Amino acid sequence: VGSGDGNVYEFKICSKKDKKDIKEIKKLSKSAKVTGTVTNSSVTSITLRGNGHQFFVGTSACNIYTFTYCDFKGTLLSTCHDSEINDMHTLHNDSHLFLTCGYQSVRIWNTHNKELVRIEVPNKTCNAVEVNKPGELIITGWDDGIIRGFTPVSGKMLFKLENAHGGGVTALALFSGKDGTDRIVSGGQKGDVRVWKINRDNRNNYSVQIKFPLQEHKAKVTSIKVTASDRECVTSSIDGSCIIWDLENQCRRQMVRVNTLFSYVCYEPTSFHQIIATGSDRKIGYFETTDGSTIREIEGSTSGAINCMDISGDGRYFVSGGDDNLIKLWKYDEGVPTHIGVGHSAPITRVKIAYNKK
């Protein structure tokens, strides 16, 4: 029997001596507890394996444990997020590792669906996650307006930047400054964009200082992308605009405005002269970065908004996902889908192509 507080018990059903047709239940001594580290989870499913020498236990925290009957000890078999995944990041030098974030947690996985590291912040939601190129620093943005930095090895928090954005941090990107230090471009719920410098002393103590703000969006910033030269970035917002920023001169370079709620934007990675952006109108637009003009628009979906995209390093393909629960692989130049992936049972919130493009 599984209980709402995460306990698993064994009971034995026995007949009363005086009334054989009435059963009574007696609890035996075997019991175990399965629960998360942040909040307790309830047992939602139990099933036997084989003749009962083993059994599986499922919980409301989306964990599955395997138990051996003789010693009544559980081992975590698989796990996943128990709420919407808000962001995902793939590493630059390892195509077998990726990060996800959502309510209360940031997790590092390998492609064999094994969770390697879990970082938890109780009762807070992580909206954005990024990793610097050496892979030694995880930067996260949270709904309480705080940017937190962690080490990927142990999950230890390295710094906490209070009041980064009022209303919550909604998007992040990393780049390198002229002095070689890591910089953060962050976007907030109220449309503000800010650039930060990460400082580290000889004792590996971290601190973050603001370099300059960029304030032109009027609503939530949904995604941020930086060029390979680290001199320019583009931000998308639900105010219907994508803005290209000059990070050296700290000003707006160009703006794209369309009658839609932009949800995601990507640079064309070979020349960075084009961007593709998508949103609530179900269209994928190609735009020039030099003058903001529209090159073309293609129909990305027939039944729901597109929430996310990612483009391959050679610029030949990009992928999209959205409220129609479908993954679509597109040829960039032709603007036509070549493959469609079916499998999700809810809207797709993030999609990434691995570093090795496989």
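This section reports on the structure supplied with the text. (Residues numbered from 1 in each chain as written. Predicted model: local features only at pLDDT ≥ 70, side-chain atom pairs only at ≥ 80, totals over all residues. Heavy atoms only, no water.)

1. Let's talk about the overall build of the protein chain
Here's step 1: A count of helices and strands for the protein chain gives 0 helices and 28 strands.
Here's step 2: For the protein chain, the residues scored as buried account for 48% of the 358 residues in total.
Here's step 3: In the structure as shown, the protein chain presents an accessible area of about 18000 Å², 48% of it carried by carbon and sulfur atoms. (Helix = DSSP H or I, 4+ residues; strand = E, 2+ residues; numbered from the N terminus. Buried < 20%, exposed > 50% of the residue type's maximum accessible area, 1.4 Å probe, protein only. Areas by Shrake-Rupley, 256 points an atom, 1.4 Å probe, with all protein chains shown as cover.)

2. With respect to unusual backbone geometry
Here's step 1: For Phe72, which is not glycine, the phi torsion reads 55° and is therefore positive.
Here's step 2: Note that Phe72 resides in the loop between β5 (63–68) and β6 (73–79).
Here's step 3: Among the residues examined, Phe72 registers a relative accessible area of 8% and is labelled buried.
Here's step 4: Its identity is not glycine, yet Asn163 carries a phi of approximately 55°, on the positive side.
Here's step 5: Turning to its location among the elements, Asn163 is positioned in the loop between β12 (157–161) and β13 (169–176).
Here's step 6: The exposure class assigned to Asn163 is exposed, which follows from its relative accessible area of 66%.

3. Section: the environment of Asp179
Here's step 1: Counting through the fold element by element, Asp179 comes out in the loop between β13 and β14 (182–188).
Here's step 2: Given the relative accessible area of 43%, Asp179 is considered partly exposed.
Here's step 3: At 3.3 Å, the side chain of Asp179 forms a polar contact with the side chain of Arg183. (Polar contact = N/O pair within 3.5 Å; in protein donor to acceptor, adjacent residues only side chain to side chain.)

4. Here we look at the packing of aromatic side chains
Here's step 1: Scanning the model with the defined rule gives 9 aromatic pairs in all.
Here's step 2: Taking the centre distance of 6.2 Å and the plane angle of 35° together, the rings of Phe159 and Tyr206 count as tilted. Separated by 47 residues along the polypeptide, Phe159 in strand β12 and Tyr206 in strand β16 (residues 206–215) bring together distant segments of the chain.
Here's step 3: We classify Phe159 as buried; its relative accessible area is 7%.
Here's step 4: Every member of this aromatic cluster is reached through a ring pair, and the members are Tyr286, Phe318, Trp330 and Tyr332. (Phe/Tyr/Trp six-rings, centres within 6.5 Å; stacked < 30°, edge-to-face > 60°.)

5. Quick word on the pattern of salt bridges
If charged atoms from side chains of opposite charge come close, those side chains can pair.
Here's step 1: All chains considered together, the criterion is met by 16 salt bridges.
Here's step 2: The network of salt bridges with shared partners includes Arg107, Glu115, Arg118 and Glu120. (Salt bridge = Lys/Arg side-chain N within 4 Å of Asp/Glu carboxyl O.)

6. As for the environment of Tyr65
Here's step 1: Inspection of the secondary structure assignment puts Tyr65 in strand β5.
Here's step 2: C-alpha separation for the pair Tyr65 and Val34, spaced 31 residues apart in sequence, amounts to 8.1 Å.

7. Focus on the sheet that holds strand β21 (residues 262–267)
Here's step 1: Across the sheet, which stays open at both edges, the 4 strands sit in the order β21-β22-β23-β24 with antiparallel pairing between neighbours. Every interior strand has two partners, whereas the edge strands, β21 and β24 (294–299), have only one. If you compare each strand with its neighbour and ignore which way they point, the axes differ by 20° on average.
Here's step 2: Pairing of β21 with strand β22 (residues 274–279) involves 5 bridges; the strand directions are antiparallel. By the bridge assignment for β22, Val265 is matched with Ala277. (Pairing = 2+ DSSP bridges. Axes fitted to C-alpha atoms, helices over the stretch in contact; angles between N-to-C directions.)

8. Here's the deal with the pairing of strand β11 (residues 147–150)
Here's step 1: Of the two faces of β11, the one lined by Ile147 and Gly149 and the one lined by Arg148 and Phe150 are each fully buried.
Here's step 2: The sheet contact formed by strand β10 (residues 138–142) and β11 spans 4 bridges and is antiparallel. The residue of β11 that forms the bridge with Thr140 is Arg148.
Here's step 3: Hairpin connection between β10 and β11: a loop of 4 residues separates the two successive antiparallel strands, and Gly145 in this loop has a positive phi of roughly 80°.
Here's step 4: Where β11 and β12 come together, 4 bridges link them in antiparallel fashion. Across the sheet, Ile147 pairs through a bridge with Leu161, a residue of β12.

9. A closer look at the sheet that holds β13
Here's step 1: Taking strand neighbours across the sheet as the criterion, the 4 strands line up as β13-β14-β15-β16 in an open arrangement whose pairing is antiparallel. The open sheet terminates on both sides in strands that have one partner only, identified here as β13 and β16. Put simply, the sheet's adjacent strands are angled 25° from each other on average, direction ignored.
Here's step 2: Note: β13 against β14, 7 bridges, orientation antiparallel. Paired with Ser176 across the strands is Asp182, a residue of β14.

10. Some details on the environment of Thr290
Here's step 1: Locating Thr290 in the fold gives a position in the loop between β23 (283–288) and β24.
Here's step 2: For the pair formed by Thr290 and Thr59, sequence separation is 231 residues and the distance between their alpha carbons is 52 Å.

11. A word on the side chain of Ser312
Here's step 1: Along the chain, the position of Ser312 falls in the loop between β25 (306–311) and β26 (317–322).
Here's step 2: Exposure remark for Ser312: the relative accessible area of 4% places this residue in the buried category.
Here's step 3: In terms of polar contacts, Ser312 uses its side chain to reach the side chain of Asp314, at 2.7 Å.
Here's step 4: For Ser312, the side chain forms a polar contact with the main-chain nitrogen of Arg316, separated by 3.5 Å.
Here's step 5: Beyond its immediate chain neighbours, meaning those up to four positions away, Ser312 contacts Pro269, Tyr317, Ile353 and Lys357. (Contact = heavy atoms within 4.5 Å.)

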